[in-house]
Amino acid sequence: QLQLVESGGGLVQSGGSLTLSCAASGSTLDYRAVAWFRQAPGKDREGVSCVSTSGGITNHADSVKDRFYIFRDNAKNVVYLKMNKVEPEDTAVYTCAAAAYGAGCSFQARYDYWGQGIQVTVSS
């Protein structure tokens, strides 16, 4: 059973940087696309960034494009979200999810496994 655990969240000042990690255990992430989602208070969950199985394809929400980067280390079974130039609007609970086998890097794919989420708070 694949388990995902997020780390690296916390409080960061506006304009700063933060790197989230999504560590997998129990199974390999090699054959699954992985995405980060976020949910701010009072808002729906939204897809932030996703990465294909090889890491060669990434997609980002328009709101984070050119600020956030997603990459993976399959040898370590970890996916990272590098957040640069963060804004108060980035404040949310961030959750990583592993897609079903064969699914591409898409926020509309079926995600079989989810982490518990981690809080990121950006102060102005």
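Our subject is the structure that appears above.
Fair warning: this is a prediction, and the values are worked out from it, not measured in the lab.

Draft legend 1. The arrangement of the environment of F71 in detail. Looking at the secondary structure, you find F71 in strand β7 (residues 68-73). Residue classification places F71 among the partly exposed positions, given a relative accessible area of 40%. For the pair F71 and L4, spaced 67 residues apart in the sequence, the C-alpha separation amounts to 16 Å. Leaving out residues up to four positions away in the same chain, F71 has contacts with V79, Y80 and K82.

Draft legend 2. Representation of the nonpolar core. The biggest cluster of nonpolar side chains holds 28 residues, and the ones touching the most others in it are L20, W36, L81 and Y94. Contributions of two or more residues to this core are made by β3 (18-25), β4 (34-39), β5 (46-51), β7, β8 (78-83), β9 (92-99) and β11 (118-123). A35, A97, A99 and A109 belong to the second largest nonpolar core, which has 9 residues in total.

Draft legend 3. Highlighting the state of the cysteines. In the structure shown here, the tally under the stated rule is 2 disulfides. Residue pairing for C22: its cysteine sulfur links by disulfide to C96, the two sulfurs lying 2.1 Å apart. The sign of the 70° torsion about the S-S bond sets the C22-C96 disulfide as right-handed. Taken as a pair, C22 in strand β3 and C96 in strand β9 lie far apart in primary sequence, 74 residues in all. Across the disulfide, C50 is cross-linked to C105 (sulfur-sulfur distance 2.0 Å). Across the S-S bond linking C50 and C105, the dihedral sits near 100°, which makes this disulfide right-handed. With C50 in strand β5 and C105 in the loop between β9 and β10 (111-114), this pair connects stretches of sequence that are 55 residues apart. In this structure, C50 and C105 share a single accessibility class: buried. Sequential numbering of the bridged cysteines in the chain gives the disulfide pattern 1-3, 2-4.

Definitions and cut-offs
- Residues numbered from 1 in each chain as written.
- Predicted model: local features only at pLDDT ≥ 70, side-chain atom pairs only at ≥ 80, totals over all residues.
- Heavy atoms only, no water.
- Helix = DSSP H or I, 4+ residues; strand = E, 2+ residues; numbered from the N terminus.
- Buried < 20%, exposed > 50% of the residue type's maximum accessible area, 1.4 Å probe, protein only.
- Contact = heavy atoms within 4.5 Å.
- Core = buried A, V, L, I, M, F, W, Y, C linked by side-chain atoms within 4.5 Å.
- Disulfide = S-S within 2.5 Å.

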